[in-house]
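# Architecture at a glance
Residues per chain, in single letters:
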Amino acid sequence: MNFAPWQRSVFEAAHGSLAEGRLGHALLLVGPEKMGKGEVAAILAKRLLCASPAADGLACGQCRSCRQFEAGTHGDFSRVGFEPNDKGDKLRSEITVDQIRRLGQWFALTPQLGGAQVALIEPAEGMNHAAANALLKTLEEPSPGRFLLLVCSAPGRLPATIRSRCQRLEFRLPAKEQAEAWLRSQGHAEADIGAALEAARGHAGLAADWLAQGGLALRRQVRGDLDAVGNGKSGPVEMAQRWLGDEQAALRLRFAADLAQDALSRRLGARPPEKGGLTAPGDFSKLSAWYDALNRVRGQLSAPLRHDLLLAGLLREWRTMLLEDRKEGVAR
Ligand SMILES: [Zn+2]
């Protein structure tokens, strides 16, 4: 396993606690998205189940438990995440109380290999209210050898009663030099590293994801799209439909929000001007309100609403704001 530096420090902290016999039975692996939290949780789970772990804290990879874990057939390991809906055509957007009740029943079984039992819940913030309440019961009845690993990118969405019962393992964003060195070690081109880290606000995991998936190009495209709407070359309705037309919709809206936020920071002097950057509306309070409205649409993307209408409205507003700027001759 090639740990990223931030993964290694979390794993070593967990291993240290385990070696000293003070690893909690409920762990909250928490930190920003795309930092490989789930990966570390799985490595930890494999180690907790392993019959003869190595001195460095990793599972042996040879024993019966390790072989079953790798084959995905370990009876004492349970993964809880989003399940398919009743129609079976897509995943639910929340973890249900039934899933957590089944988990409670599973924990009551005798371990098949006679060792530990480990459950991994990801994303833990995906539990709905009833599910989180049901999990509390499990957390209140700890028993030796039973471990619960909660992987979470939005701890604010977990009830405090759950957070307070977990040992926290925190993933922290690396310093700039460390992030750059790591991206270099992943084989990314030097020229792209700076731009990707800048776009991802120093978040190396996200930058790596965008570098691998063409995220930077998409970001440039969104900037061009906003300019095209702003100067009347593209219509708000068709643009809204295009933005929402595929699985990149959420990322496009994120980039649009980031670009608006950058423009706001620039107005405040918190960021240097960007060459060839987005032409953003001159009115600070209007742009700020637009940014908030866009974030509300982002937050509702999973809800069954006519997002194309909402987004087209926002893009029309974007154009109006820029049109007013031109009328008033605002120089930017
Ligand atoms: Zn093993």
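Residues numbered from 1 in each chain as written. Predicted model: local features only at pLDDT ≥ 70, side-chain atom pairs only at ≥ 80, totals over all residues. Heavy atoms only, no water.

Attention now moves to the overall build of the chain. When helices and strands are tallied, the chain shows 14 helices and five strands. Projecting the C-alpha coordinates of the chain onto the three principal axes gives extents of approximately 75 × 45 × 35 Å. Across the 332 residues that make up the chain, the buried fraction comes to 46%. The contacts in the chain between residues at least 6 apart in sequence include a share of 70% that link residues at least 24 apart. On the chain, roughly 16,900 Å² of surface is accessible, and the fraction owed to carbon and sulfur atoms is 49%. Charged side chains in the chain number 44 positive and 38 negative. The centres of these two groups are separated by 1 Å. (Helix = DSSP H or I, 4+ residues; strand = E, 2+ residues; numbered from the N terminus. Buried < 20%, exposed > 50% of the residue type's maximum accessible area, 1.4 Å probe, protein only. Contact = heavy atoms within 4.5 Å. Areas by Shrake-Rupley, 256 points an atom, 1.4 Å probe, with all protein chains shown as cover. Lys, Arg positive; Asp, Glu negative; His and termini not counted. Charge placed at Lys NZ, Arg CZ, Asp CG, Glu CD.)

With that out of the way, let us pick up the domain arrangement of the chain. Split into domains, the chain comes out as domain 1 (5–170) and domain 2 (214–328). Here domain 1 and domain 2 have C-alpha centroids that lie 38 Å from each other. (Domains from an automatic or database assignment.)

Bringing unusual backbone geometry into the picture now. Glu122 connects to Pro123 through a cis peptide bond whose omega is -5°. Looking at the secondary structure, you find Pro123 in the loop between β3 (117–121) and α5 (129–140). Although it is not a glycine, Lys34 sits at a positive phi angle of roughly 60°. Tracing the chain through its elements places Lys34 in the loop between β1 (26–30) and α2 (37–49). Lys34 gets classed as partly exposed once you look at its relative accessible area, which sits at 43%. Of note, Arg201 is a non-glycine position whose phi angle comes to about 50°, a positive value. Looking at where Arg201 falls in the secondary structure, it is placed in the loop between α8 (190–199) and α9 (204–213). The exposure class of Arg201 is partly exposed, given its relative accessible area of 34%.

Our focus in this paragraph is the packing of aromatic side chains. For the structure shown, the criterion picks out six aromatic pairs. Taking 4.8 Å as the distance between ring centres and 50° as the angle between the ring planes, the aromatic pair formed by Phe69 and Phe77 counts as tilted. Grouping residues by exposure puts Phe69 and Phe77 together as buried. (Phe/Tyr/Trp six-rings, centres within 6.5 Å; stacked < 30°, edge-to-face > 60°.)

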